[in-house]
Amino acid sequence: MTEDLDPLIHSPLRLSIMSILIGLREADFKYLQEKTGATSGNLSVQIHKLGDAGYLQVEKSFRNNFPLTTCSITEKGINAFENYVKAIRRFIE
Amino acid sequence: MKPEFNAQESLKVIDRMIAEARYRPSRAEGTITMLWGYLIMLGALGHWALDVLARWEYAPLAWLILIPGIIGTIATRMKFRTEKRVRTYVHDLTAQVWLAFSVSFVILYLFMQPTAIHFLPVVLLLYGICMWLQGALIRFKPYKYGAICCWAGGAVAFLLTVQDQLLVLALSVILGYILPGHVLAAQTRTEND
């Protein structure tokens, strides 16, 4: 059942972030916020969790003197996402 | 208590987010294609006119018109890079295709005289490859039709004199660059409006 699913990915916002980044080289915080519709605070917390798990690489820099957070999915994140999708398929079948 | 996030909902989220993040060509890309199209057309026609009509020995200087194109492209790319909020694999691959073209062009330019009879036909064939790949990468058929025009122009150009090849180049660029560029710009405008 859903207990077998990776708890780090199995949440609507974290799954959204992973699904967006799986097809992209990288995306910044504003882009992820626009696509997910999440609040800054919530998005920041979830990105942190995925980053701490090694699923995302999070880089902080500055653009035009404004802080910029750029996220990309790691090899570990890709594997975790693929396993999650396989588990979901098994669960539905 | 939070409602359970089930497997069906997970799949829906994955589908929706992947669709949201799919690559969409920007208006800047159509603009750059058109800019290069017009400049190459003017360069080719200028070279032809100065050579055939004015009989000026420095007719190839007409290609200096490409310098604003190089500056314009760098400026547009820099602006796009500072504004860019997302980088897709399509962006990276498209850049690699045009980098490969540039390297090939420089090698051709250095080792084959630009006035050599096969220079422009080979350049047109290389353009065709780039347009075809770009059309495939961004899933935009007019670029593929443009590639076919460039290949056809390249094939015809092999049979012509260097002067006539310039006219074929101008025509190929109108059909292969400028028209697809306008279609892309119109399409991105409609999608953005």
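Residues numbered from 1 in each chain as written. Chains lettered and ligands numbered in written order. Predicted model: local features only at pLDDT ≥ 70, side-chain atom pairs only at ≥ 80, totals over all residues. Heavy atoms only, no water.

Brief notes about the UniProt feature "domain: Winged helix DNA-binding" (unreviewed entry) in chain A
To keep things clear, this is the line we draw: UniProt positions are given in the numbering used here, feature names are shortened, and annotations may be inferred rather than shown by experiment. Numbering of helices and strands runs from the N terminus, with a helix taken as a DSSP run of H or I at least four residues long and a strand as a DSSP run of E at least two residues long.
Mapped onto this structure's residue numbering, the UniProt feature "domain: Winged helix DNA-binding" (unreviewed entry) falls at residues 13–92 of chain A. Spanning residues 13–92 of chain A, this segment combines 61% helix with 26% strand, and its end C-alpha atoms are found 21 Å apart.

Remarks on helix H5 (residues 119–137) of chain B
Just so we agree on the cut-off: To estimate the expected span of a helix, count its residues, drop one, and scale the result by 1.5 Å. The cut-offs for exposure are 20% and 50% of the maximum accessible area for each residue type, with area from a 1.4 Å probe on protein chains only; residues under the lower value are buried, those over the upper are exposed, and the others partly exposed.
In this model H5 of chain B runs 27 Å from its N-terminal to its C-terminal C-alpha over 19 residues, within 8% of the 27 Å that 1.5 Å per residue would give. Those residues of H5 of chain B lying buried are Phe119, Leu120, Pro121, Val123, Leu124, Leu126, Tyr127, Gly128, Cys130, Met131, Gln134 and Gly135 of chain B.

Here's the deal with the nonpolar core
Rule in force here: For our purposes a nonpolar core is just a set of buried Ala, Val, Leu, Ile, Met, Phe, Trp, Tyr and Cys residues, chained together by side-chain atoms within 4.5 Å.
Residues Ile17 and Leu32 of chain A are the most contacted members of the largest nonpolar core, which totals 35 residues. Elements with a minimum of two residues in this core: helix H1 (12–22), strand E1 (24–28), helix H2 (29–36), helix H3 (40–52), strand E3 (66–73) and helix H4 (75–92) of chain A together with helix H1 (7–20) of chain B. Counting 30 residues, the second largest nonpolar core, distinct from the first, contains Val97, Phe101, Val123 and Tyr127 of chain B.

Points about the environment of Leu5 of chain A
All names here are of chain A. Note the following rule: For this analysis, residues touch if any pair of their heavy atoms sits within 4.5 Å.
Position of Leu5 relative to the elements: it lies in the segment before H1. Residue Leu5 is classed as buried on the basis of its relative accessible area of 4%. For the pair formed by Leu5 and Asn79, sequence separation is 74 residues and the distance between their alpha carbons is 13 Å. Not counting chain neighbours up to four residues away, the residues in contact with Leu5 comprise His10, Tyr84, Ala87 and Ile88.

A closer look at the packing of helix H4 (residues 89–111) of chain B against H5 of chain B
Residues and elements named next belong to chain B. Keep this limit in mind: Note on geometry: axes are C-alpha line fits, over the in-contact stretch for helices, and angles between N-to-C directions span 0 to 180 degrees. By definition in this entry, angles of less than 35 degrees are roughly parallel, angles greater than 145 are roughly antiparallel, angles of 65 to 115 are roughly perpendicular, and the rest are oblique. Asp, Glu, Lys and Arg are counted as charged, while Ala, Val, Leu, Ile, Met, Phe, Trp, Tyr, Cys and Pro are counted as nonpolar; the rest, among them Gly, fall into the polar class.
Their axes nearest at 10 Å, the elements H4 and H5 cross at an angle of 175 degrees. Between H4 and H5, the interaxial angle falls into the category roughly antiparallel. Contact with H4, carried on its side by Val90, Leu93, Thr94, Val97, Trp98, Phe101, Ser104, Phe105, Leu108 and Tyr109, involves Phe119, Val122, Val123, Leu126, Tyr127, Cys130, Met131, Leu133, Gln134 and Leu137 of H5 and no other residues of that element. Residues belonging to the contact of H4 with H5 are distributed by class as follows: 17 nonpolar, three polar and no charged.

Examining the interface of chain B and chain A
Heads up, the rule is: When a carboxyl oxygen of Asp or Glu lies within 4 Å of a side-chain nitrogen of Lys or Arg, that pair is called a salt bridge. Any pair of N or O atoms that falls within 3.5 Å is considered a polar contact. Within protein, one atom must be able to donate a hydrogen and the other to accept it, and sequence-neighbouring residues count only if both atoms are side-chain atoms. Any two strands are treated as partners once DSSP identifies two or more bridges connecting them.
Taken together, the contact between chain B and chain A spans 22 residues of the former and 27 residues of the latter. Along the contact surface separating chain B from chain A lie three salt bridges. We note a salt bridge from Arg25 of chain A to Asp92 of chain B, for which the minimum N-O separation is 2.8 Å. At the junction of chain B and chain A, the tally comes to five residue pairs in polar contact (both at pLDDT 80 or more). Every element with two or more residues in the side of chain B that touches chain A is listed here: H1, helix H3 (66–83), strand E1 (86–88) and H4 of chain B. Per-element accounting of the side of chain B that touches chain A gives the leading share, nine residues, to H1 of chain B. Of the residues in the side of chain B that touches chain A, the class split is ten nonpolar, four polar and eight charged. Where E1 of chain A and E1 of chain B come together, three bridges link them in antiparallel fashion. Bridging across to E1 of chain B, Leu24 of chain A finds its partner in Thr88 of chain B.

A look at the UniProt feature "transmembrane region" (unreviewed entry) in chain B
Residue and element names in this part refer to chain B. In the numbering adopted here, UniProt assigns the feature "transmembrane region" (unreviewed entry) to residues 32–50, 56–76, 88–111, 117–138, 145–162 and 168–186. The distance separating the terminal C-alpha atoms of residues 117–138 is 33 Å; by composition the span is 86% helix and 0% strand. Between the end C-alpha atoms of residues 145–162 the distance is 25 Å, and the span holds 78% helix and 0% strand.

Section: the environment of Gly154 of chain B
Residue and element names in this part refer to chain B. Tracing the sequence through the fold places Gly154 in helix H6 (residues 141–157). With a relative accessible area of 0%, Gly154 lands in the buried category. For the pair Gly154 and Arg85, spaced 69 residues apart in the sequence, the C-alpha separation amounts to 38 Å. Sequence-distant contacts of Gly154, that is, excluding residues within four places in its chain, are made with Pro121, Leu124 and Leu125.

Examining a nonpolar patch on the surface
Stated precisely, the cut-off is as follows: Residues form patches when they are more than 30% accessible in relative terms and have no salt bridge. Like charges link within 9 Å. Nonpolar side chains (Val, Leu, Ile, Met, Phe, Trp, Tyr) link within 5 Å. To be clear on the numbers: accessible area is Shrake-Rupley with a 1.4 Å probe, and residue cover counts the displayed protein chains and nothing else.
Residues Leu99, Val103, Val106, Ile107, Tyr109, Leu110 and Phe111 of chain B make up a contiguous nonpolar surface patch of about 760 Å² in total accessible area. With respect to the helices and strands, the residue Leu110 of chain B is situated in helix H4.

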